[in-house]
Every structure is written in structure tokens, then in C-alpha cells.
Amino acid sequence: MKYVLMFTSDASQAADVTQEQAQDVYGRIYGWFGEHAAVISDSGAELQPVETATTVRTGGVVVDGPFNEAKEVIGGFSVIEVPDMDAALAVARTWPGLELPGVAVEVRPMVVDYSQFE
């Protein structure tokens, strides 16, 4: 089964992280992708800040916000393929970014595996 791991952070806590801490964690995140390559079927890059977004809604295109109404900022995502939610949670718990304040990994099952239509 496929699950999305969505990496989020609370921007208000980012100031508590030193540049050295961030570099250390980002280095280990890069290694994490290599270690979990067998279960990652798609990896999303880190997203640009919300201020760069454009939203398409019914009735038009919104270019001046609001874009992300939650406190969390989506830092990226990965799609993993594992047998069940327990296995997905086990992978998510190893995410090095969890060492930083305000960082979380949302684990969400995918509804449809579109690859079956290829």
C-alpha cells in the first residue's frame, strides 16, 4: 500500500534552530533518503515559501493569498510503499528532521494507486 509522508514544520519555531543544527539534520535527511530508497516510490523536493504560491480556486486564480491557512509549513513529501500503516509509521519515526523543534511527519494512506491504470 502507498502512503504519503508529508514533512511539516511550525515556522514560528524555526528561529530556535542554529545553522549548525540545520546543516547537521539536513545532511542526515539526505542519507535517510538513500537508506529508505527501497520503500520510497516518489520523493518530493522541499517546497518554496508559501509567499511564492498561486492558488487556483473555483471562480479564478488567487495570487495574493491566503495560501496556507495552517500554522505548519509543508517542507516536502515522499510517497512510500509498505505493507501497512504500522510499517509506514516505523519509516516516519526515523525521519531525522523530527529532531528539530516544531517538525512533524504526517502519514496518510493514498486512496487510489493510479499506477494500476498504466
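Above this note sits the structure.
The following refers to the structure shown. (Residues numbered from 1 in each chain as written. Predicted model: local features only at pLDDT ≥ 70, side-chain atom pairs only at ≥ 80, totals over all residues. Heavy atoms only, no water.)

### Comments concerning the overall build of the protein
How we decide: A helix here means a DSSP run of H or I that spans at least four residues, while a strand means a run of E at least two residues long, and both kinds are numbered starting from the N terminus. Categorising residues by exposure relies on relative accessible area from a 1.4 Å probe, with only protein chains included: less than 20% of the type maximum marks a residue as buried, more than 50% marks it as exposed, and the intermediate range marks it as partly exposed. Note on contacts: a residue pair is in contact if any heavy atoms of the two residues lie within 4.5 Å. Values of accessible area rely on a 1.4 Å probe in the Shrake-Rupley scheme; residue burial ignores everything except the protein chains shown.
When helices and strands are tallied, the protein shows two helices and six strands. Secondary structure of the protein in N-to-C order comes out as β-α-β-β-β-β-α-β. Among the 118 residues that make up the protein, the fraction classed as buried is 25%. Contacts in the protein between residues far apart in sequence, at least 24 positions, make up 79% of those at least 6 positions apart. On the protein, roughly 8000 Å² of surface is accessible, and the fraction owed to carbon and sulfur atoms is 55%.

### Side note on the environment of Ile-74
Position of Ile-74 relative to the elements: it lies in strand S5 (residues 72-81). Sequence separation of Ile-74 and Thr-8 is 66 residues, and the distance between their C-alpha atoms is 4.5 Å.

### Section: the nonpolar core
Rules: Residues grouped as a nonpolar core are buried Ala, Val, Leu, Ile, Met, Phe, Trp, Tyr and Cys residues, joined through side-chain atoms within 4.5 Å.
Counting 16 residues, the largest nonpolar core has Leu-5, Trp-32, Ile-80, Val-105 and Val-107 as the members making the most contacts within it. Contributions of two or more residues to this core are made by strand S1 (2-10), helix H1 (19-35), helix H2 (85-92) and strand S6 (103-109). Apart from the residues within four sequence positions on either side, Leu-5 is in contact with Trp-32, Gly-76, Phe-77, Ser-78, Ile-80, Ala-88, Val-91, Ala-92, Val-105, Glu-106 and Val-107.

### Looking at the pattern of salt bridges
Stated precisely, the cut-off is as follows: Here, a salt bridge means any side-chain nitrogen of Lys or Arg that lies within 4 Å of a carboxyl oxygen of Asp or Glu.
One pass over the structure, following the stated rule, counts three salt bridges. Asp-24 is paired through a salt bridge with Arg-28; the nearest N and O atoms lie 2.8 Å apart. Within this pair, Asp-24 and its partner Arg-28 are both found in helix H1, separated by four residues, close to a single helical turn. A relative accessible area of 43% places Asp-24 in the partly exposed class. Classification of Arg-28 by relative accessible area gives partly exposed; the value is 32%.

### A short note on the packing of aromatic side chains
Selection criterion: When two rings of Phe, Tyr or Trp (its six-membered ring) have centres within 6.5 Å they constitute a pair, described as stacked for plane angles under 30 degrees, edge-to-face for angles over 60, and tilted for the intermediate range.
Summed over all chains, the structure comprises five aromatic pairs. Counting every residue linked through ring pairs, the aromatic cluster contains Phe-7, Trp-32, Phe-33 and Trp-95.

### Quick look at H2
Rules: By construction, the arc corresponds to the directions joining the helix axis to the C-beta atoms. Nitrogen and oxygen atoms within 3.5 Å of one another constitute a polar contact, given that in protein one can donate a hydrogen and the other can accept it, and given that sequence-neighbouring residues count only through two side-chain atoms.
Buried within H2 we find Ala-88, Val-91 and Ala-92. The buried residues of H2 occupy one face: seen down the axis, they fall within an arc of 100 degrees. Between the side-chain oxygen of the N-cap and the backbone nitrogen of Asp-86 there are 3.3 Å, and the N-cap of H2 in question is Asp-84.

### Considering the environment of Gln-21
Looking at the element boundaries, Gln-21 is found in helix H1. Along the sequence, Gln-21 and Leu-100 sit 79 residues apart, while their C-alpha atoms lie 8.2 Å from each other.

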